[in-house]
Every structure is written in C-alpha cells, then in structure tokens.
Amino acid sequence: QVQLVESGGGLVQPGGSLRLSCGTSGIIFSYYSMGWYRQTPGKERELVALITSNGGINYADSVKGRFTISRDNSKNMLYLQMNSLKPEDTAVYYCKARGSIIPFYEYWGQGTQVTVSS
C-alpha cells in the first residue's frame, strides 16, 4: 500500500519560514519524480516545485528564490523549505510521486495547510 504523508504546515507570519516534509512508503522512492503542489479554494492545484529521480529541479516562478525542494532517498523523504513567506502562499500543500517508467503511476498525499497571516 502506497502512502504519502505530509507534515510541517501551520500558521506563520509574513516573512517567516516553514519546512514541509513528505514521508513515503510502498514505493521505490528513488525511482519517482517528486513534486510539491498547492491549492486554494476555487482554484486548480498548481505545481510549486519538482525534483526528478535524477535530481533535476524546477520551481514555479512565484516561489523561485524563496522555496527549496530537496529529497533524501535514504529516508524516502521529500522536503520543501519555504522562506520569506507571503500571504499569497497560503494554501493546502500536497506532495505527489510520479513513476519514471511506464505506466507512470501517480500518488498523492492528503495535504497540509499552510497559512501566512499576521
């Protein structure tokens, strides 16, 4: 059974930092591209950051220079360091695993709420 479990969300003031974690089980973690996505009510889920199985990284323009995605294949963990947080970063953050070979299975976590407010 595949499980992705996010943690580390919460309430933070503008300019503050949070570190999200995503623990995985049931997959060969190193074979999967991993991503962080976020969603606010009434909007589509959007990509925040992606790290491929071989370490390639992409960020949404809105978070470049503020967020850092990383992975620890030895611990089957995905991380998102979020600095200089803004109110517009408020959302539910999800991690996603996508297989790097056909049929490219995808798995999602349940999400963790991040609220940036004074």
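Here, every reference points to the structure presented above.
Engineer: Any chance you could explain the overall build of the protein here in plain terms?
Structural biologist: A tally of regular secondary structure across the protein gives 0 helices and 11 strands. Starting at the N terminus and walking to the C terminus, you meet the elements of the protein as β-β-β-β-β-β-β-β-β-β-β. Its C-alpha atoms give the protein a radius of gyration of 14 Å, within 12% of the compact-globule value 13 Å for 118 residues. Sequence separation of 24 or more characterises 54% of the internal contacts of the protein that already satisfy a separation of 6 or more. Surface exposure of the protein reaches about 6,400 Å², of which carbon and sulfur atoms provide 49%. Within the protein, one finds 11 positive and 8 negative side-chain charges whose respective centroids are separated by 4 Å.

Engineer: Can you help me understand the pattern of salt bridges in this one?
Structural biologist: Side chains that differ in charge, positive against negative, can pair when their charged atoms come close. Under the criterion given, the structure shown has 6 salt bridges. Notably, a salt bridge pairs Arg66 with Asp89, separated by 2.7 Å at the nearest N-O pair. Taken together, the residues span a long stretch of sequence, with Arg66 in the loop between strand E6 (57-59) and strand E7 (67-72) and Asp89 in the loop between strand E8 (77-82) and strand E9 (91-99) at a distance of 23 residues. When its relative accessible area of 1% is taken as the criterion, Asp89 is described as buried. With its nearest N and O atoms 3.4 Å apart, the salt bridge here joins Glu106 to Lys96. Note that Glu106 is positioned in strand E10 (residues 106-108) and Lys96 in strand E9, a separation of 10 residues in sequence. Beyond isolated ion pairs, a larger network of salt bridges with shared partners links Arg38, Glu46, Arg66 and Asp89.

Engineer: What am I meant to see in the packing of aromatic side chains here?
Structural biologist: Between two aromatic rings, the relevant description is the distance of the centres plus the angle of the planes. A complete count under the given rule lists 4 aromatic pairs for this structure. Ring plane angle 35 degrees and centroid distance 6.4 Å describe the contact between Tyr105 and Tyr107, whose orientation is recorded as tilted. Ring pairing ties together the aromatic residues Tyr32, Tyr105 and Tyr107, which thus form one cluster. The aromatic ring of Trp108 is capped on one face by Arg45, whose charged end is 4.6 Å from the ring centroid.

Engineer: Just to check I follow, could you spell out the side chain of Thr112 for this structure?
Structural biologist: Mapped onto the elements, Thr112 comes out in strand E11 (residues 112-116). The buried category is assigned to Thr112, whose relative accessible area is 11%. In this structure the side chain of Thr112 is engaged in a polar contact, spanning 3.3 Å, whose partner is the backbone nitrogen of Gly9. Every residue in contact with Thr112, bar those within four places of it in the chain, is listed here: Glu6, Ser7, Gly8, Gly9, Leu20, Ala91, Val92 and Tyr93.

Conventions we followed
Residues numbered from 1 in each chain as written. Predicted model: local features only at pLDDT ≥ 70, side-chain atom pairs only at ≥ 80, totals over all residues. Heavy atoms only, no water. Helix = DSSP H or I, 4+ residues; strand = E, 2+ residues; numbered from the N terminus. Rg over C-alpha atoms; globule rule 2.2 N^0.38 Å. Contact = heavy atoms within 4.5 Å. Areas by Shrake-Rupley, 256 points an atom, 1.4 Å probe, with all protein chains shown as cover. Lys, Arg positive; Asp, Glu negative; His and termini not counted. Charge placed at Lys NZ, Arg CZ, Asp CG, Glu CD. Salt bridge = Lys/Arg side-chain N within 4 Å of Asp/Glu carboxyl O. Buried < 20%, exposed > 50% of the residue type's maximum accessible area, 1.4 Å probe, protein only. Phe/Tyr/Trp six-rings, centres within 6.5 Å; stacked < 30°, edge-to-face > 60°. Lys NZ or Arg CZ within 6 Å of the ring centre and 35° of its normal. Polar contact = N/O pair within 3.5 Å; in protein donor to acceptor, adjacent residues only side chain to side chain.

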